[in-house]
Amino acid sequence: MPHPSYCHPPATIRSLPILGSRNRYPVRAIYCVGRNYADHAREMGSNPVDPPCFFMKPPHALVTDDAPVPYPPETRALHHEVELVIALKSGGRNIPPDAVWDHIFGYAVGLDLTRRDIQNELKKKGQPWELAKSFAGSAPCSPLLVASHSSDSDSPWHLRLTVNGIVRQEARSSQMIWPLDRLVAELSRYETLEAGDLLFTGTPAGVGALEPGDRCVAELVGHTRLLCTITPEGSRSGL
Ligand code: MN
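Only a predicted model underlies this, so the values are computations on that prediction, with no experimental measurement involved.

Caption draft 1: Geometry of the pattern of salt bridges. Under the criterion given, the structure shown has 12 salt bridges. E81 serves as the salt-bridge partner of K133, at 3.3 Å between the closest nitrogen and oxygen. Remark: E81 occurs in the loop between β7 (78–80) and β8 (82–88) and K133 occurs in helix α3 (residues 130–133); sequence separation between them is 52 residues. Judged by relative accessible area, K133 falls into the buried class, the value being 2%. Note that R189 is salt-bridged to E186, the shortest N-O span being 3.2 Å. Classification of R189 as partly exposed rests on a relative accessible area of 44%. Note on E186: relative accessible area 14%, which makes it buried.

Caption draft 2: Here's a closer look at the coordination of the manganese ion. Each protein donor to the manganese ion is listed here as E81 (OE), E83 (OE) and D112 (OD); together their distances run 2.0 to 2.2 Å. Sequence spacing of the donor residues for the manganese ion, all on one chain, is E-x1-E-x28-D. Within this pair, whereas E83 is found in strand β8, its partner D112 is found in the loop between β9 (104–111) and β10 (114–115), the two being separated by 29 residues in sequence. The two residues E83 and D112 agree in class, both being buried.

Caption draft 3: Inspection of the sheet that holds β7 at higher detail. What the 3 strands build is an open sheet, ordered β10-β7-β16; its pairing is antiparallel. Each edge of the sheet is formed by a strand with only one pairing partner; in this case those strands are β10 and β16 (208–210). Two elements, β7 and β16, share 3 bridges in a ladder whose sense is antiparallel. The residue of β16 that forms the bridge with H79 is A209.

Caption draft 4: Representation of the sheet that holds strand β15 (residues 197–200). Strand order in this open sheet of 6 strands is β4-β3-β15-β8-β9-β12, and the pairing throughout is mixed. Since the sheet does not close on itself, it has two edges, and those belong to β4 (53–57) and β12 (145–146), each with one partner. As judged from the 3 bridges shared by β8 and β15, these two strands associate in the antiparallel manner. Counterpart to V85 in the pairing with β15 is F200.

Caption draft 5: Summary view of helix α2 (residues 116–125). Those residues of α2 that sit buried are R116, D117, I118, Q119 and L122. Following α2 by one or two positions, G126 has its phi on the positive side, about 70°.

Caption draft 6: Representation of the nonpolar core in the model. Counting 45 residues, the largest nonpolar core has L84, I104, Y107, L111 and L180 as the members making the most contacts within it. Those elements that place two or more of their residues in this core are β3 (29–34), β8, β9, β13 (158–163), α4 (180–187), β17 (215–220) and β18 (224–231). With 5 residues, α4 is the single largest residue contributor to this core. Core analysis: the second largest hydrophobic core is formed by 18 residues, L62, V85, A139 and F200 among them.

Caption draft 7: Structural view of the packing of aromatic side chains. By the definition in use, this model includes 3 aromatic pairs. For the ring pair Y25 and F105, a centre distance of 5.3 Å and an interplane angle of 35° mean the geometry is tilted. Taken together, the positions of Y25 in strand β2 (residues 24–26) and F105 in strand β9 put the pair 80 residues apart, joining distant regions of the chain. Y25 sits in the buried class, given a relative accessible area of 5%.

Caption draft 8: Layout of the side chain of D197. Assignment of secondary structure puts D197 in strand β15. Residue classification places D197 among the buried residues on the basis of a relative accessible area of 2%. Setting aside chain neighbours within four positions, we find D197 in contact with Y25, R28, A29, Y31, I86, A87, L88 and T192.

Caption draft 9: Representation of the environment of L144 in the model. Relative to the assigned elements, L144 resides in the loop between β11 (139–140) and β12. In sequence terms L144 and D98 are 46 residues apart; their C-alpha atoms lie 22 Å from each other. Here L144 is in contact with L16, P17, I18, L19, Y25, A87, F105, G106, Y107 and A108, once residues within four sequence places are set aside.

Caption draft 10: Structural context of α4. The buried fraction of α4 amounts to 7 of the 8 residues, a majority that puts the element mostly inside the structure. By the burial criterion, the buried members of α4 are L180, D181, L183, V184, A185, E186 and L187. Structurally, α4 contributes buried residues whose contacts are with β3, β4, β8, β9 and β15.

Here is what the cut-offs are and how they apply
Residues numbered from 1 in each chain as written. Predicted model: local features only at pLDDT ≥ 70, side-chain atom pairs only at ≥ 80, totals over all residues. Heavy atoms only, no water. Salt bridge = Lys/Arg side-chain N within 4 Å of Asp/Glu carboxyl O. Helix = DSSP H or I, 4+ residues; strand = E, 2+ residues; numbered from the N terminus. Buried < 20%, exposed > 50% of the residue type's maximum accessible area, 1.4 Å probe, protein only. Donors = N, O, S within 2.8 Å, 3.2 Å for Na, K, Ca; no water. Pairing = 2+ DSSP bridges. Core = buried A, V, L, I, M, F, W, Y, C linked by side-chain atoms within 4.5 Å. Phe/Tyr/Trp six-rings, centres within 6.5 Å; stacked < 30°, edge-to-face > 60°. Contact = heavy atoms within 4.5 Å.

So this is what it looks like as structure tokens:
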């Protein structure tokens, strides 16, 4: 096929740094799951035994390299949700849980930034969540730790988020309702997963509001971390 001539320049490929490498990880799609820790499901008034609730963010939601995040417009309650992020190096459909580990390229920590006020309104009306979850800058993410294969399947990742030096959220991935292998297997029943796909795997309890000037440090403790500073609405994103 001849090289196409586009009517405007195509969007830039979004990518994550990889720890210990000069290469970067190009992102294709960003999947997310809601209500994957019982304590957070309860704080949001949901039933912790419901099946996972999947949604997506567009690639332009991704914020990398510790770039600042401007407070989003039309928002009164911007909430942090710290999450373990997995990055796939391959995929497919109907992946069995025990094969999931072979598809994981690496791990990161991210923030599923949420316009909680808008989400609550949308929920009440039974409308889709996009304006609450999928806005530009809503997915800050750390550099990727490359999977080490042998021990990943039972790694109890330690997640922590501090805001202005105070711990807001802290959990082990072993507290997830749906563990990583079952989450990816379940998602692959509905979508053909591919290299470049990220999955934000849900947040533990302790979500709360952010304000301009707040400095968030999200960690996969001992492995990788993300610095996210919230800047005033309308400021330059630095992306
Ligand atoms: Mn979330």
